[in-house]
Amino acid sequence: MNENLKTVFGAAARAARLRLGLTQADVADRVGIAMEVYSRMERGKMLPRAQNLRRLCDVLSVSADTLLGVKPGSAPVSPRATPGQEDALELRRMVRTLRELEPRQLKAVARVVRTVVSVMPPKTSPGSPPTSRKKPLAPARKRRAG
């Protein structure tokens, strides 16, 4: 029974998190627990303490009945994140990583991103032929050693 409850809880928590477009780290931060602990809950390896269950309900905008699978018809289905949600999750992960950088490191990463984006082909809509870049790229400027 306890193992089944852990599995049901984990699937319901994951479904609610994905519905909100949050990462595991987002949920853990808002609840005030380690990301690794929340990850174990979602994987059905552990159940939260009562105070954390209440916080999880608030953060995930679901009832405890839903998370515990006791509401009729509340057997959770674990949906896949849509491409838009996956993009948002990846952006949150990147922002979290960038926030940990020193200003000098952040400037270097920004330069790399701008360079990569400048050489990427333009986005095309489905079914339309690829377009060529109208303006050639300017030659790269030499950087001073510093």
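About the cut-offs
Throughout, a residue's number is its position along its own chain's written sequence, starting from 1. Note on the predicted model: pLDDT of at least 70 is required for a residue's local features to be given, and 80 or more for side-chain atom pairs to be given and counted; whole-chain, interface and lining totals, by contrast, use all residues. Note that the side-chain values use all heavy atoms of the structure and ignore hydrogens as well as water. Think of a nonpolar core as a cluster: buried Ala, Val, Leu, Ile, Met, Phe, Trp, Tyr and Cys residues, connected wherever their side-chain atoms sit within 4.5 Å. Relative accessibility thresholds used throughout: buried, under 20% of the residue-type maximum; exposed, over 50%; partly exposed, between the two (1.4 Å probe, protein chains only). Starting at the N terminus, helices and strands are each numbered in turn, a helix being any DSSP run of H or I of at least four residues and a strand any DSSP run of E of at least two. When checking whether two residues touch, look at their non-hydrogen atoms; a contact exists if any pair is within 4.5 Å. Salt bridges, as used here, are contacts in which a Lys or Arg side-chain nitrogen is within 4 Å of a carboxyl oxygen on Asp or Glu. Lines fitted to C-alpha atoms define the axes here, with helix axes fitted over just the stretch in contact, and angles between the N-to-C directions of these axes take values from 0 to 180 degrees. We call two directions roughly parallel when the angle between them is under 35 degrees, roughly antiparallel when it is over 145, roughly perpendicular when it lies between 65 and 115, and oblique otherwise. Basically, the charged four are Asp, Glu, Lys and Arg, the nonpolar ten are Ala, Val, Leu, Ile, Met, Phe, Trp, Tyr, Cys and Pro, and anything else, Gly included, counts as polar. Residue-level confidence of the predictor, termed pLDDT, takes values from 0 up to 100. Only residues whose relative accessible area exceeds 30% and that form no salt bridge are eligible for patches; like-charged ones are grouped when within 9 Å, while nonpolar side chains (Val, Leu, Ile, Met, Phe, Trp, Tyr) are grouped when within 5 Å. For every accessible area listed, the method is Shrake-Rupley and the probe measures 1.4 Å; residues are considered covered only by the protein chains on display.

Peer 1: Got a minute to help me understand the nonpolar core in this structure?
Peer 2: For soluble globular proteins, the rule of thumb is that nonpolar side chains tend to be buried together. Core analysis: the largest hydrophobic core is formed by 18 residues, its most contacted members being F9, V27, Y38, L56, L60 and L67. Residue assignment for this core shows that the elements contributing at least two residues are α1 (2-20), α2 (24-31), α3 (35-42) and α4 (50-60). For L67, the residues in contact, after removing those within four places along its chain, are V8, F9, A12, A13, L53, L56, C57, L60 and V62.

Peer 1: What exactly am I supposed to notice about the pattern of salt bridges here?
Peer 2: Within the structure shown, the criterion is met by three salt bridges. Linking R17 and E42 is a salt bridge whose minimum nitrogen-to-oxygen distance equals 2.5 Å. With R17 in helix α1 and E42 in helix α3, this residue pair connects regions lying 25 residues apart in the sequence. Under the relative-accessibility criterion, R17 is labelled buried at 6%.

Peer 1: Which parts of the structure should I look at to understand the packing of α1 against α3?
Peer 2: Geometry of a packed helix pair, given as the angle between the helix axes and the separation of the axes. Running from N to C, α1 and α3 cross one another at 115°; their axes reach a closest spacing of 7 Å. If you check the angle between α1 and α3, you find them roughly perpendicular. Facing K6, F9, G10, A11, A13, R14 and R17 of α1, the residues of α3 in contact are Y38, M41 and E42. Its residues assigned to classes, the contact of α1 with α3 shows five nonpolar, one polar and four charged.

Peer 1: Hey, could you run me through the environment of L106 in this one?
Peer 2: Examined against the element boundaries, L106 turns out to sit in helix α7 (residues 103-119). For L106, a relative accessible area of 40% gives the class partly exposed. Every residue in contact with L106, bar those within four places of it in the chain, is listed here: L98 and L101.

Peer 1: What is the right way to look at the confidence of the model for the protein in this model?
Peer 2: It should be kept in mind that the predicted coordinates are not to be read in detail where pLDDT is low. Summary statistics for the protein give a mean pLDDT of 80 and a share of 71% for residues scoring 70 or more. Low confidence marks residues 73-80, where pLDDT is under 50. Its contacts with residues over four positions away, or in another chain, come to 14 contacts.

Peer 1: Help me out: how do you make sense of a nonpolar patch on the surface in this one?
Peer 2: A grouping of V109, V112, V113, V116, V117 and M120 is seen on the molecular surface, where their side chains present a nonpolar patch of about 480 Å² in accessible area. Structurally, V109 is set in helix α7.

Peer 1: Mind showing me how you'd approach the environment of M46 here?
Peer 2: Looking at the element boundaries, M46 is found in the loop between α3 and α4. C-alpha separation for the pair M46 and E3, spaced 43 residues apart in sequence, amounts to 8.6 Å. Residues in contact with M46, not counting those within four places in the same chain, are K6, V37, R40 and M41.

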